[in-house]
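Structure at a glance
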Amino acid sequence: EDLDKKSWANQAGKFSLEGKTPNEFVDPESGNVYSVATFAGGCFWGTELRYQRQEGVIATAVGYTQGNIDKPNYEQVCSGSTGHTEGIQLIYDPTICSYERLVTILLNSINPTLKNQVGNDRGTQYRHGIYFHTEEQREIAE
């Protein structure tokens, strides 16, 4: 399905509300095929910035994932009662940046021995996660 990379956050939100998660993105202008990746690494703003600085990452979108209610707000997520974590979904060019590189960026930015914490941010909404979209991504993540 063709998507507008200039509004990836909008498209990602629409997919989420429809219960869909695409595995790839086809740029309607160039025809290039990009891959989709989803991670949680603490506060999504810091995680997003790390990925925005990576060559080959085309666009990013942040939000809440893995929870048990639809459309949670910040206060609900921070209460720890919704089961959500702060996450980032991105599209990337696998000919420039590998999924393994994206996983490494996440793992280098967290301390996996600390549960529900990254830096000074603490709470269930800051737990870590690698949410693969394909079998190949699962194999790399493991």
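The structure under discussion appears in the preceding block.
Criteria and cut-off values
Residues numbered from 1 in each chain as written. Predicted model: local features only at pLDDT ≥ 70, side-chain atom pairs only at ≥ 80, totals over all residues. Heavy atoms only, no water. Helix = DSSP H or I, 4+ residues; strand = E, 2+ residues; numbered from the N terminus. Polar contact = N/O pair within 3.5 Å; in protein donor to acceptor, adjacent residues only side chain to side chain. Contact = heavy atoms within 4.5 Å. Phe/Tyr/Trp six-rings, centres within 6.5 Å; stacked < 30°, edge-to-face > 60°. Buried < 20%, exposed > 50% of the residue type's maximum accessible area, 1.4 Å probe, protein only.

**A short note on the side chain of Thr38**
Among the secondary structure elements, Thr38 is positioned in strand S2 (residues 33-41). Within the structure, the side chain of Thr38 is placed 3.0 Å from the side chain of Gln89, a separation counted as a polar contact. Thr38 has contacts with Ile88, Gln89, Ile130, Tyr131 and His133, leaving out every residue within four places of it along the chain.

**Some details on the packing of aromatic side chains**
Following the criterion strictly, the structure yields 5 aromatic pairs and no others. With centroids separated by 5.8 Å and ring planes inclined at 25 degrees, the aromatic side chains of Phe39 and Tyr99 adopt a geometry described as stacked. Note that Phe39 is positioned in strand S2 and Tyr99 in helix H4 (residues 99-109), a separation of 60 residues in sequence. Each of the two residues, Phe39 as well as Tyr99, counts as buried. Between the aromatic rings of Phe44 and Tyr64, the centroid separation amounts to 5.7 Å while the plane-to-plane angle is 45 degrees, which identifies the pairing as tilted. Linking Phe44 in helix H2 (residues 44-52) with Tyr64 in strand S3 (residues 57-65), this pair joins segments that are 20 residues apart in sequence.

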